[in-house]
Amino acid sequence: MDTTNAENPALSAQDTDERRIRELVARSQEAQTDAEVLPALHTSDLVLINLAGRRVFGREAFASAMTAALASPLRDVRTTLEVDDIRFVRPDVAIVSLTKTVHDERPDTQGPSGFPARGAMTYVLTRDEDEDWHIALAQTTPIG
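Residues numbered from 1 in each chain as written. Predicted model: local features only at pLDDT ≥ 70, side-chain atom pairs only at ≥ 80, totals over all residues. Heavy atoms only, no water.

A. Expanded view of the overall build of the protein chain. The helix and strand tally for the protein chain stands at four helices and six strands. Taken from N to C terminus, the helices and strands of the protein chain fall in the order α-α-α-β-β-α-β-β-β-β. Counting over 144 residues, the protein chain shows a buried share of 32%. (Helix = DSSP H or I, 4+ residues; strand = E, 2+ residues; numbered from the N terminus. Buried < 20%, exposed > 50% of the residue type's maximum accessible area, 1.4 Å probe, protein only.)

B. Broad picture of the sheet that holds strand β2 (residues 55-57). Read from one edge to the other, the open sheet built from six strands follows the order β2-β1-β6-β5-β4-β3, with strand pairing classed as mixed. The sheet terminates laterally at β2 and β3 (77-90), the two strands that pair on one side only. Strand-to-strand twist across the sheet, computed as the mean angle between neighbouring axes with direction ignored, equals 15°. Where strand β1 (residues 42-49) and strand β6 (residues 133-143) come together, four bridges link them in parallel fashion. Across the sheet, residue Leu 48 finds its bridge partner in β6, namely Ala 138. Sitting on the sheet, helix α4 (residues 59-70) touches β1 and β2, and the angle it makes with β1 is about 55°. (Pairing = 2+ DSSP bridges. Axes fitted to C-alpha atoms, helices over the stretch in contact; angles between N-to-C directions. Contact = heavy atoms within 4.5 Å.)

C. Quick look at the pattern of salt bridges. Taken as a whole and judged by the stated rule, the model has five salt bridges. Among the salt bridges present, the one from Glu 23 reaches Arg 19, with a minimum N-O distance of 3.1 Å. On the criterion of helical spacing, the pair formed by Glu 23 and Arg 19 is a turn pair, its members being four residues apart in helix α2 (residues 9-30). With a relative accessible area of 43%, Arg 19 lands in the partly exposed category. Of the charged contacts in the structure, one is a salt bridge between Asp 85 and Arg 87, with a shortest N-O distance of 2.5 Å. (Salt bridge = Lys/Arg side-chain N within 4 Å of Asp/Glu carboxyl O.)

D. Up close: the layout of surface pockets. Looking at the largest pocket, its volume works out to about 810 Å³. Looking at the largest pocket, it is lined by 30 residues, and the ones nearest its centre are Leu 48, Asn 50, Phe 62, Thr 79 and Lys 100. Those elements that provide at least two residues to the lining of the largest pocket are α2, β1, α4, β3, β4 (93-104), β5 (118-127) and β6. With five residues, α4 is the single largest residue contributor to the lining of the largest pocket. (1 Å grid on protein atoms, 1.4 Å probe; cavity = no way out; pocket = protein on both sides within 12 Å on 5 of 7 lines; lining within 4 Å. Points joined across faces, edges and corners; volume = space filled by probe spheres on them.)

E. Main features of the environment of Thr 126. Within the element layout of this structure, Thr 126 appears in strand β5. In this structure Thr 126 comes out as partly exposed when scored by relative accessible area, which is 25%. Thr 126 sits 84 residues away from His 42 along the chain, and the two C-alpha atoms are 9.3 Å apart. Non-local contacts of Thr 126, meaning those with residues more than four positions away in its chain, are made with Thr 43, Asp 92, Val 93, Asp 132, Trp 133, His 134 and Ala 136.

F. Highlighting the side chain of Thr 99. Mapped onto the elements of the fold, Thr 99 is located in strand β4. A distance of 2.7 Å separates the side chain of Thr 99 from the side chain of Asp 84, its partner in a polar contact. (Polar contact = N/O pair within 3.5 Å; in protein donor to acceptor, adjacent residues only side chain to side chain.)

G. Spotlight on the environment of His 103. The topology assignment puts His 103 in strand β4. In this structure, the C-alpha to C-alpha distance between His 103 and Thr 79, residues 24 residues apart in sequence, is 5.7 Å. Look past the residues within four positions of His 103 in its chain and what remains in contact with it is Asp 76, Val 77, Arg 78, Thr 79 and Thr 80. A polar atom in the side chain of His 103 sits 3.1 Å from the side chain of Thr 80.

As C-alpha coordinates, this is what we get:
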(Lines give C-alpha, C1' and ligand atoms only; values in the text may rest on other atoms or scores of the structure.)
Protein backbone atom coordinates (compact mmCIF):
# COMPACT_ATOMS: atom_id res chain seq x y z
CA MET A 1 0.00 0.00 0.00
CA ASP A 2 1.29 3.48 -0.95
CA THR A 3 1.30 5.69 2.13
CA THR A 4 3.39 8.53 0.70
CA ASN A 5 0.49 10.95 0.38
CA ALA A 6 -1.14 9.75 3.58
CA GLU A 7 2.02 10.60 5.49
CA ASN A 8 2.26 14.07 3.93
CA PRO A 9 -1.17 15.61 3.24
CA ALA A 10 0.46 18.83 1.99
CA LEU A 11 2.19 16.86 -0.76
CA SER A 12 -1.11 15.27 -1.72
CA ALA A 13 -2.82 18.67 -1.89
CA GLN A 14 0.04 20.08 -3.98
CA ASP A 15 -0.13 17.10 -6.35
CA THR A 16 -3.88 17.68 -6.73
CA ASP A 17 -3.31 21.39 -7.36
CA GLU A 18 -0.61 20.69 -9.94
CA ARG A 19 -2.97 18.30 -11.75
CA ARG A 20 -5.76 20.90 -11.70
CA ILE A 21 -3.40 23.58 -12.96
CA ARG A 22 -2.24 21.37 -15.84
CA GLU A 23 -5.91 20.71 -16.65
CA LEU A 24 -6.58 24.48 -16.66
CA VAL A 25 -3.67 25.05 -19.05
CA ALA A 26 -5.02 22.31 -21.34
CA ARG A 27 -8.53 23.82 -21.24
CA SER A 28 -7.13 27.27 -22.05
CA GLN A 29 -5.32 25.86 -25.08
CA GLU A 30 -8.42 23.97 -26.25
CA ALA A 31 -10.65 27.06 -25.84
CA GLN A 32 -8.41 29.48 -27.76
CA THR A 33 -11.08 29.86 -30.45
CA ASP A 34 -14.03 30.15 -28.06
CA ALA A 35 -14.65 33.74 -26.91
CA GLU A 36 -17.04 32.55 -24.19
CA VAL A 37 -15.10 29.65 -22.68
CA LEU A 38 -11.56 31.07 -22.63
CA PRO A 39 -12.37 34.34 -20.82
CA ALA A 40 -14.32 32.38 -18.19
CA LEU A 41 -11.07 30.62 -17.24
CA HIS A 42 -9.69 34.00 -16.13
CA THR A 43 -10.42 36.21 -13.14
CA SER A 44 -12.71 39.18 -13.69
CA ASP A 45 -9.81 41.58 -13.08
CA LEU A 46 -7.18 39.78 -15.15
CA VAL A 47 -4.24 41.46 -16.83
CA LEU A 48 -3.19 39.98 -20.16
CA ILE A 49 -0.18 40.97 -22.26
CA ASN A 50 -0.11 39.14 -25.56
CA LEU A 51 2.81 38.18 -27.80
CA ALA A 52 2.60 41.52 -29.65
CA GLY A 53 2.74 43.48 -26.38
CA ARG A 54 -0.93 44.50 -26.31
CA ARG A 55 -2.14 44.84 -22.73
CA VAL A 56 -5.77 44.07 -21.85
CA PHE A 57 -7.34 44.77 -18.46
CA GLY A 58 -10.33 42.70 -17.29
CA ARG A 59 -12.26 39.67 -18.48
CA GLU A 60 -14.82 41.72 -20.44
CA ALA A 61 -12.14 43.60 -22.38
CA PHE A 62 -10.39 40.28 -23.06
CA ALA A 63 -13.62 38.71 -24.37
CA SER A 64 -14.18 41.73 -26.62
CA ALA A 65 -10.60 41.67 -27.97
CA MET A 66 -10.82 37.93 -28.52
CA THR A 67 -14.13 38.23 -30.39
CA ALA A 68 -12.58 40.86 -32.68
CA ALA A 69 -9.47 38.72 -33.28
CA LEU A 70 -11.58 35.67 -34.13
CA ALA A 71 -13.47 37.74 -36.72
CA SER A 72 -10.17 38.57 -38.44
CA PRO A 73 -7.45 36.49 -40.13
CA LEU A 74 -5.96 36.01 -36.64
CA ARG A 75 -8.51 33.20 -36.18
CA ASP A 76 -6.05 31.06 -38.17
CA VAL A 77 -3.18 31.69 -35.75
CA ARG A 78 -3.25 29.12 -32.97
CA THR A 79 -0.87 28.34 -30.17
CA THR A 80 0.17 25.34 -28.16
CA LEU A 81 1.32 25.51 -24.55
CA GLU A 82 3.85 23.42 -22.66
CA VAL A 83 4.11 23.68 -18.89
CA ASP A 84 7.75 24.15 -17.89
CA ASP A 85 7.36 24.83 -14.17
CA ILE A 86 4.74 25.37 -11.45
CA ARG A 87 5.60 27.25 -8.26
CA PHE A 88 3.28 27.92 -5.35
CA VAL A 89 3.69 31.39 -3.85
CA ARG A 90 0.93 30.58 -1.36
CA PRO A 91 -1.53 27.69 -1.27
CA ASP A 92 -3.97 29.79 -3.34
CA VAL A 93 -1.48 31.48 -5.74
CA ALA A 94 0.70 29.77 -8.34
CA ILE A 95 3.13 30.98 -10.97
CA VAL A 96 3.18 28.80 -14.07
CA SER A 97 6.02 29.08 -16.60
CA LEU A 98 5.10 27.90 -20.07
CA THR A 99 6.51 27.75 -23.55
CA LYS A 100 4.06 28.99 -26.18
CA THR A 101 4.48 27.81 -29.78
CA VAL A 102 2.75 29.81 -32.50
CA HIS A 103 1.22 28.06 -35.52
CA ASP A 104 0.35 30.65 -38.17
CA GLU A 105 -2.08 28.89 -40.52
CA ARG A 106 -3.41 31.95 -42.31
CA PRO A 107 -3.86 30.97 -45.97
CA ASP A 108 -2.75 34.35 -47.32
CA THR A 109 0.55 34.38 -45.43
CA GLN A 110 3.57 33.84 -47.63
CA GLY A 111 6.93 33.74 -45.95
CA PRO A 112 7.50 34.82 -42.34
CA SER A 113 4.32 35.93 -40.59
CA GLY A 114 5.85 38.57 -38.37
CA PHE A 115 4.89 36.51 -35.32
CA PRO A 116 7.70 34.98 -33.29
CA ALA A 117 7.47 31.21 -33.50
CA ARG A 118 7.81 30.86 -29.72
CA GLY A 119 7.20 32.78 -26.56
CA ALA A 120 7.97 32.48 -22.87
CA MET A 121 4.58 32.71 -21.19
CA THR A 122 3.80 33.25 -17.54
CA TYR A 123 0.47 32.67 -15.83
CA VAL A 124 -0.27 33.86 -12.33
CA LEU A 125 -3.14 31.72 -11.06
CA THR A 126 -5.40 32.20 -8.08
CA ARG A 127 -7.63 29.63 -6.45
CA ASP A 128 -11.11 30.71 -5.41
CA GLU A 129 -13.30 29.53 -2.53
CA ASP A 130 -14.67 26.70 -4.69
CA GLU A 131 -11.10 25.38 -5.11
CA ASP A 132 -11.09 26.30 -8.83
CA TRP A 133 -7.95 27.84 -10.31
CA HIS A 134 -8.25 30.89 -12.60
CA ILE A 135 -5.76 32.89 -14.64
CA ALA A 136 -5.20 36.32 -13.06
CA LEU A 137 -2.28 37.32 -15.27
CA ALA A 138 -1.10 36.01 -18.62
CA GLN A 139 2.06 37.52 -20.10
CA THR A 140 4.01 36.38 -23.13
CA THR A 141 7.53 37.46 -24.08
CA PRO A 142 8.71 36.62 -27.61
CA ILE A 143 11.66 34.23 -27.84
CA GLY A 144 13.94 35.24 -30.71
